[in-house]
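# Close look at the chain arrangement
Residue-level listing of the chains:
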Amino acid sequence: MEKVTRPSWDDYFMSITELVAQRSTCLRRHVGAILVRDKRIITTGYNGAPIKIKHCLDVGCLREQMDVPSGERHELCRGLHAEQNAIIQAAIHGVSIQGATLYCTNMPCSICTKMIINAKIVEIYYKEGYSDPLAADMLAEAGIVPKQIG
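Read on for an overview of the structure. Keep in mind it's a predicted model, so treat the numbers as computed, not measured. (Residues numbered from 1 in each chain as written. Predicted model: local features only at pLDDT ≥ 70, side-chain atom pairs only at ≥ 80, totals over all residues. Heavy atoms only, no water.)

## Digging into the packing of helix α4 (residues 82–93) against helix α5 (residues 110–118)
Basically, it comes down to this: Helix axes are fitted to C-alpha atoms over the stretch in contact, other axes to C-alpha atoms as well, and angles between N-to-C directions run from 0 to 180 degrees. Secondary structure is summarised from DSSP: a helix means a run of H or I of at least four residues, a strand means a run of E of at least two, and numbering begins at the N terminus for each. Here roughly perpendicular refers to angles of 65 to 115 degrees, roughly parallel to angles under 35, roughly antiparallel to angles over 145, and oblique to all remaining angles. In this scheme the handedness of a crossing depends on how the near helix is turned from the far one: anticlockwise by less than a right angle means left-handed, clockwise means right-handed. Residue contacts are defined here by distance: any two heavy atoms, one from each residue, within 4.5 Å place the two residues in contact. Residues are grouped as follows: nonpolar covers Ala, Val, Leu, Ile, Met, Phe, Trp, Tyr, Cys and Pro; charged covers Asp, Glu, Lys and Arg; every other residue, Gly included, is treated as polar.
In the contact formed by α4 and α5, the axes pass within 9 Å of each other and the chain directions differ by 30°. One way to sum up the angle between α4 and α5 is to call them roughly parallel. When you trace α4 past α5, the crossing you get is left-handed. Together, Glu83, Gln84 and Ile87 of α4 and Ile111, Cys112, Met115 and Ile116 of α5 make up the contact between the two elements. Among the residues making up the contact of α4 with α5, the classes are represented as 5 nonpolar, 1 polar and 1 charged.

Dropping the structure here:
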């Protein structure tokens, strides 16, 4: 009998996170996030415009039109970040995410980091880096050590 190789839990969840990112409607970057507790997915999120708001795919990217560099002026965007959408989904459905682990295709920005800390998410696994020194400083101060995988 041939031995079947199973992915580790981290690889399994990160691969699901990459699939979630495919739903993104952002023209610049497709990001996915999932919140997991006890090896079970609690919520998912991807970056894109709020419900009932036209997607950037349909109306273009405001940040590109204004020539805003990546990582700056987050308020000048129609979309929510994947991490924000995963947290919001938990709130909508009345599910606690305290003690959860975040898997995200990208390292969270400082805005998402503040939400992650206050939501009492305890671990972060990410695939690709994102240069935001403030986010790194806040996570370190909160005792959360993000781990790059994949």
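The rest of the description comes next.
## Focus on the layout of surface pockets
Operational definition: With a 1 Å grid laid over protein atoms only, a set of points is called a cavity when a 1.4 Å probe fits there but cannot get out and a pocket when it is open yet has protein on both sides within 12 Å along at least five of seven lines; lining residues have an atom within 4 Å of a point. Grid points are joined across faces, edges and corners, and a volume is the space filled by probe spheres set on the points.
Approximately 490 Å³ is the volume attributed to the largest pocket. Lining the largest pocket are 29 residues, and of these Asn47, His74, Cys77, His81 and Tyr130 lie nearest its centre. Here the element with the most residues in the lining of the largest pocket is α4; it accounts for 3 residues. Looking at the lining of the largest pocket, its residues break down into 14 nonpolar, 10 polar and 5 charged.

## Considering helix α1 (residues 9–21)
Put simply, the rule reads: What a helix is expected to span follows from its residue count: subtract one and scale by 1.5 Å. Buried means the residue's accessible area, taken with a 1.4 Å probe over protein chains only, is under 20% of the maximum for its type, while exposed means over 50%, and partly exposed covers the values in between. Summarising the geometry, the arc corresponds to the directions from the helix axis toward the C-beta atoms.
An ideal rise of 1.5 Å per residue puts 18 Å on 13 residues; α1 measures up with 18 Å between its terminal C-alpha atoms. Every buried residue of α1 is listed here: Phe13, Met14, Thr17, Val20 and Ala21. Take α1 and look down its axis: the buried residues cluster within an arc of 110°, on one side only. Next to the buried residues of α1 lie β1 (32–37), β2 (40–46), β3 (101–106) and β4 (123–128).

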